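Geometric and topological summary
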Amino acid sequence: LAEHDAFLHGARIPAELEKFGCSWCKRWVTKEKCGIFGLPEGDLGDGSYGAAWASFPTKEGPPFNQIEHVIRQIKERPHLRTHFVSPWIPQYTLQHSGLTRKVVVAPCHGWIHILGFPETKEVIIHHFQRSADLPVGVPFNIIQYAAFGMMVARVVGYTLREVVYTFSDAHIYESQYEKVKELLLREPRRLPTVILDQSITDIFDFRPEHFTLSDYEPHPKMLIPTPT
């Protein structure tokens, strides 16, 4: 939740992510990794999630905040089918002999179609994931986009009906095989309940502490490796 919140605010360097309680990115933005893409040490890049969502480049000059404007459109014209957010800035994410990529980690997720139903005051989130690390990344991403759906629904006065997921490149790394086998042997347990603080009315004011988790009965923590 902290990571997603940071990206909604345009975070792209460790200090900005840490301000929201997210500290994962330092190993990804070393001098060596950033140097491959011509970026300064510590910068996820112009094509990273925060940059795309909060500062999408435009020919008009000023950067475009996708989150701010899609929320406004849902409020004013909820019936439209163009409530869409994209993390992909092609000129910063593609790479060939004449084009240098400007992002350390090309966005794996974050293509979001928000479907509004004004007659029932409901929203559906359809999330497309380009690259899906099934045992590690995907569980986190499902939480993030379910939470995003809850936040959107709250600020537009609707309720979240469901989250629909589409995977393109879904995979399990060889180093994860044994852990996945162990994971599949575990008996499923009931899903927990998440309640959102209803006093918040601006999507940019939400923080992890505004989500309350209850009825959570997890199995023991499992550490599954993730290639870097």
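The present account deals with the structure reproduced in this document. Position labels on residues start from 1 in each chain and follow its written sequence. Local features are withheld for residues below a pLDDT of 70 in this predicted model, meaning they are given only at 70 or higher, and side-chain atom pairs are given and counted only at 80 or more; totals for whole chains, interfaces and linings count all residues. Hydrogen atoms and water are omitted, and side-chain values are computed over all heavy atoms in the structure.

Helical segments are the DSSP runs of H or I of at least four residues, strand segments are the runs of E of at least two, and each set is numbered from the N terminus. When helices and strands are counted, the protein shows eight helices and six strands. Put simply, the protein runs from its N terminus to its C terminus through helices and strands in the order α-α-α-α-α-β-α-β-β-α-β-α-β-β. Relative to the 2.2 N^0.38 estimate, which gives 17 Å for 228 residues, the radius of gyration of the protein is 18 Å and therefore close to what a compact globule would have. Dimensions of the protein along its principal axes, counting C-alpha atoms only, are 55 × 50 × 30 Å. Whether two residues are in contact is decided by their heavy atoms: any pair within 4.5 Å suffices. The long-range fraction of contacts in the protein, counting pairs at least 24 apart against all pairs at least 6 apart in sequence, stands at 64%. Working definition of accessibility: Shrake-Rupley area with a 1.4 Å probe, residue cover restricted to the visible protein chains. Carbon and sulfur atoms make up 56% of the accessible area of the protein, which totals about 12600 Å². Our radius of gyration is a C-alpha quantity, and the globule rule it is checked against amounts to 2.2 Å times the number of residues to the power 0.38.

Turning to the packing of helix α5 (residues 66–76) against helix α7 (residues 137–156), a few remarks are in order. Here, axes are lines fitted to C-alpha atoms. For helices the fit covers the stretch in contact, and angles between N-to-C directions go from 0 to 180 degrees. The contact between α5 and α7 brings their axes to 10 Å, and the two run at 50 degrees. Compared by their axis directions, α5 and α7 come out oblique. For α5 against α7, the interelement crossing comes out right-handed. Only F148, V152, V155 and V156 of α7 make contact with α5, whose side of the interface consists of I67, I71, I74 and K75. An angle below 35 degrees is read as roughly parallel, one above 145 as roughly antiparallel, one from 65 to 115 as roughly perpendicular, and any other as oblique. The crossing is said to be left-handed when, going from far helix to near helix, the turn is anticlockwise and less than a right angle, and right-handed when the turn is clockwise.

Once that is clear, we can look at a nonpolar patch on the surface. Patch definition: residues with relative accessible area over 30% and no salt bridge; like charges joined within 9 Å; nonpolar side chains (Val, Leu, Ile, Met, Phe, Trp, Tyr) joined within 5 Å. When a carboxyl oxygen of Asp or Glu is within 4 Å of a side-chain nitrogen of Lys or Arg, the pair counts as a salt bridge. A cluster of nonpolar side chains, contributed by L134, F167, I172 and Y177, occupies part of the molecular surface with about 330 Å² of accessible area. Within the element layout of this structure, Y177 appears in helix α8 (residues 177–185). Y177 sits in the partly exposed class, given a relative accessible area of 42%. Exposure categories follow from relative accessible area, calculated using a 1.4 Å probe and restricted to protein chains: below 20% of the type maximum is buried, above 50% is exposed, and the middle band is partly exposed.

Turning to the nonpolar core, a few remarks are in order. In summary, soluble globular proteins display a tendency toward joint burial of nonpolar side chains. Note on terminology: a nonpolar core comprises buried Ala, Val, Leu, Ile, Met, Phe, Trp, Tyr and Cys residues joined through side-chain atoms within 4.5 Å. L17, W53, I67, I112, I114, F148 and I203 are the most contacted members of the largest nonpolar core, which has 42 residues in total. Secondary-structure elements contributing two or more residues to this core are α1 (2–8), α4 (49–54), α5, β2 (111–117), β3 (122–133) and α7. At eight residues, the largest contribution of residues to this core is made by α7. Apart from the residues within four sequence positions on either side, F148 is in contact with H4, L8, I67, I112, I114, I125 and I203.

Any two strands between which DSSP finds at least two bridges are classified as paired. Read from one edge to the other, the open sheet built from four strands follows the order β1-β2-β3-β4, with strand pairing classed as mixed. The open sheet terminates on both sides in strands that have one partner only, identified here as β1 (84–85) and β4 (159–171). Sheet topology note: the β1/β2 ladder contains two bridges and is antiparallel. Bridging across to β2, F84 finds its partner in H113.

Turning to empty space enclosed by the protein, a few remarks are in order. Only protein atoms enter the calculation, which uses a 1 Å grid: trapped sets of points that fit a 1.4 Å probe without letting it out are cavities, open sets showing protein on both sides within 12 Å along at least five of seven lines are pockets, and any residue with an atom within 4 Å of a point is a lining residue. Grid points are joined across faces, edges and corners, and a volume is the space filled by probe spheres set on the points. Tallying each qualifying case throughout the model produces one cavity of 30 Å³ or more. When its volume is computed, the largest cavity comes out at roughly 50 Å³. Along its surface, the largest cavity is lined by L1, H4, D5, A147, M151, F206, R207, P208 and F211. Contributions of two or more residues to the lining of the largest cavity are made by α1 and α7. Under this grouping Gly is polar, as are all residues other than the nonpolar Ala, Val, Leu, Ile, Met, Phe, Trp, Tyr, Cys and Pro and the charged Asp, Glu, Lys and Arg. Its residues assigned to classes, the lining of the largest cavity shows six nonpolar, one polar and two charged.

With the rule as written, the count across this model stands at nine salt bridges. A salt bridge links D5 to R207, with the shortest nitrogen-to-oxygen separation between them at 3.4 Å. Of this pair, D5 sits in helix α1 while R207 sits in the loop between β5 (193–196) and β6 (211–214), and the two are 202 residues apart along the sequence. For E18, the salt bridge is made with K26, and the minimal N-O distance between the two is 3.3 Å. Judged by its relative accessible area of 52%, K26 is exposed. Taken together, the salt bridges that share partners define one network made up of R12, D43 and D46.

Keep in mind that these numbers describe shape and distance, not what the molecule does.
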